[in-house]
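# Structural overview
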Amino acid sequence: MDTALKTPQLETSQQWRKEKPLVLGIESTCDETGFALVRGGELLVDRTATSMDEYARYGGIIPEIASRAHLESFLPTLESALTEAHVRLEEIDAIAVAAGPGLIGSLTVGICGAKALAQTLGKPIYGVNHVLGHLAVDELVDGPMPEQFIGLVVSGGHSNLLHVRDLATDVVELGGTLDDAAGEAFDKVGRLLGLPYPGGPHVDKLSQAGNVEAIKFPRGLASARDKNKYRYDFSFSGLKTAVSRYVSAHEKQGEPFSPEDVCAGFSEAVNDSLTAKAVQACLDLECSTIVVGGGYSANSRLRSLIEERAQAKGLTVRMPPLRFCTDNGAQIAAIGSTLVRAGVRPSESDFAPDSQMSLTVPVM
Ligand code: KG4
Ligand code: ZN
């Protein structure tokens, strides 16, 4: 809690406030090129192109390939979104583009395209935080956001707990991972077991066929001292090492083992930590809702365990459907619309991408 950062005071003005703005959202933080249109809290269209298939043979994303793919997909994906929604570019009230966190080359392509559109059309532009978009997208599905909530953002790059009173102006970071993110740990365990990239969904699938009780892997930061000092933080690297040791010891001795059981035990350890701390944060800060977002929120065990634990404490969980878990344009349009409705001033036209953008900063 000592390190909690509060959102910097953002300038708001009636000039930018609009009840139901039509916002074009542009996502290009990693391998997805996404375009979406949102009017107020209503999604009109969401279109995504991805270059993910190109990385299977490399075992990871190649930033140069991702940047080029964004350039190739930018105009066709934009055109297809506008056509499907029967919207002309001139009708748009504001453009929101992901300014970070993400791959610098990928972000640059999206931002350059967005700036060219904004300049040509004479529209305001918002360089927004893509991680906060993972939470904002929930409004498009479940309606207006609660007055305050705990945000659990879990992806390939993040595992964070946030206390949110207003996504546009008041976000406090409670804690995060000290080492690997949840999705990253799943991808590493996937690689260890020889599964295709990205390993997360494959490990998830195998875990569903395994016995959770068969192998008990350690929980990070679970000692009484750590529970106090790192109340809202996570650590998955010790767990990943334990999995690696288990697999190599069996391989060395020629002993067969069940990859399904390994995945089940590993998945249980990750999800035990994530869900226990999210519920704890809710109770500590007197919030009644947890909003989950990010690519990892597609994980089947996370989805069932958080529902189970929240229900036991009388808490509500809001989780986007699977199509809004991985990066998409809808989340960017959603956070953009939130900012416009709050009257937040647009970004200056010379804003730059920030690959490490702080989670307490909603807009550049
Ligand atoms: O949010 P996202 O699309 O991109 C980042 O901003 O990181 O998240 C992608 C991450 C990858 O690590 C991927 O393996 C993981 O989310 N992921 C999963 C599942 N689906 C995606 N991890 C575990 N179980 C899943 N079902
Ligand atoms: Zn993401």
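Residues numbered from 1 in each chain as written. Chains lettered and ligands numbered in written order. Predicted model: local features only at pLDDT ≥ 70, side-chain atom pairs only at ≥ 80, totals over all residues. Heavy atoms only, no water.

### Quick notes on the packing of aromatic side chains
In the structure shown here, the tally under the stated rule is six aromatic pairs. Ring geometry for Phe35 against Phe74: centres 4.9 Å apart, planes inclined by 85°, an arrangement best described as edge-to-face. Placement of the pair is Phe35 in strand S2 (residues 32-39) and Phe74 in helix H1 (residues 63-85), with a sequence separation of 39 residues. Its relative accessible area of 0% is what places Phe35 among the buried residues. (Phe/Tyr/Trp six-rings, centres within 6.5 Å; stacked < 30°, edge-to-face > 60°. Helix = DSSP H or I, 4+ residues; strand = E, 2+ residues; numbered from the N terminus. Buried < 20%, exposed > 50% of the residue type's maximum accessible area, 1.4 Å probe, protein only.)

### A word on the coordination of the zinc ion (ligand 2)
Coordination of the zinc ion (ligand 2) by the protein involves His130 (NE2), His134 (NE2) and Asp327 (OD), with metal-donor separations of 2.1 to 2.3 Å. Counting gaps between the donor residues of the zinc ion (ligand 2) yields the pattern H-x3-H-x192-D. Remark: Asp327 occurs in the loop between strand S10 (316-318) and helix H11 (329-341) and His130 occurs in helix H3 (residues 130-136); sequence separation between them is 197 residues. Note on accessibility: His130 and Asp327 belong to one class, buried. (Donors = N, O, S within 2.8 Å, 3.2 Å for Na, K, Ca; no water.)

### Quick word on the sheet that holds strand S4 (residues 94-100)
Across the sheet, five strands lie side by side as S3-S2-S1-S4-S5; this open sheet has mixed pairing. In the strand order of this sheet, the two ends are held by strand S3 (42-50) and strand S5 (125-129), each with one partner. Within this sheet the neighbouring strands show an average axis-to-axis angle of 20°, counted without direction. Relative to S2, strand S1 (residues 22-27) is paired through six bridges, and the arrangement is antiparallel. Note on S2: the bridge partner recorded for Val23 is Val38. Along the sheet face, H1 touches S1, S2 and S3 and points at about 25° away from the line of S2. Here H11 sits on the sheet and contacts S1, S2, S3, S4 and S5; the angle it forms with S1, its principal contact strand, is near 135°. (Pairing = 2+ DSSP bridges. Axes fitted to C-alpha atoms, helices over the stretch in contact; angles between N-to-C directions. Contact = heavy atoms within 4.5 Å.)

### Observations regarding the sheet that holds strand S8 (residues 170-176)
Two pairing modes exist for strands in a sheet, parallel and antiparallel, and in both the strands are linked by backbone hydrogen bonds. Taken together, five strands build an open sheet; the order of strands is S8-S7-S6-S9-S10 and the sheet is mixed. Since the sheet does not close on itself, it has two edges, and those belong to S8 and S10, each with one partner. The mean inter-strand angle of the sheet, taken between neighbouring strand axes irrespective of direction, is 25°. Its contacts with the sheet put helix H9 (residues 259-284) on strand S6 (149-154), strand S7 (159-166), S8 and strand S9 (289-293), and the angle it makes with S6 is roughly 160°.

### Some details on unusual backbone geometry
Of note, the bond from Gly100 into Pro101 is cis; its omega dihedral lies within 30 degrees of zero at -20°. Of note, the amide linkage connecting Tyr197 to Pro198 takes the cis form, showing an omega dihedral of -10°. Locating Pro198 in the fold gives a position in the loop between helix H5 (182-192) and helix H6 (199-208). One non-glycine residue, Leu221, lies in positive phi territory at about 55°.

### Structural notes on the side chain of Ser297
Considering the arrangement of structural elements, one finds Ser297 in the loop between S9 and helix H10 (300-312). Beyond its immediate sequence surroundings of up to four residues, Ser297 is in contact with Val154, Val292, Leu302, Arg303 and Cys325.

### Examining the UniProt feature "binding site: Fe cation" (unreviewed entry) in the chain
According to UniProt, the positions carrying the feature "binding site: Fe cation" (unreviewed entry) are His130, His134 and Asp327. Spatially, the listed residues are clustered: although they cover 198 residues, their C-alpha atoms lie within 8.3 Å of one another. Accessibility expressed as a relative area gives 8% for His130, which makes it buried. With near-sequence residues (within four places) excluded, His130 lies in contact with Glu27, Thr29, Ala98, Gly100, Pro101, Asp327, Gln331 and Ile332. Along the chain, His134 turns up in helix H3. Residue contacts for His134: discarding those within four places in its chain leaves Gly293, Gly294, Gly295, Cys325, Thr326, Asp327 and Gln331. (UniProt positions renumbered as here; feature names shortened; annotations may be inferred.)

### Notes on the state of the cysteines
Taken as a whole, this structure holds zero disulfides when the rule is applied. Here Cys30 is not cross-linked by a disulfide; its sulfur's nearest cysteine counterpart is in Cys325, at 16 Å. No disulfide involves Cys263; its nearest neighbouring cysteine sulfur is the one of Cys325, lying 20 Å away. (Disulfide = S-S within 2.5 Å.)

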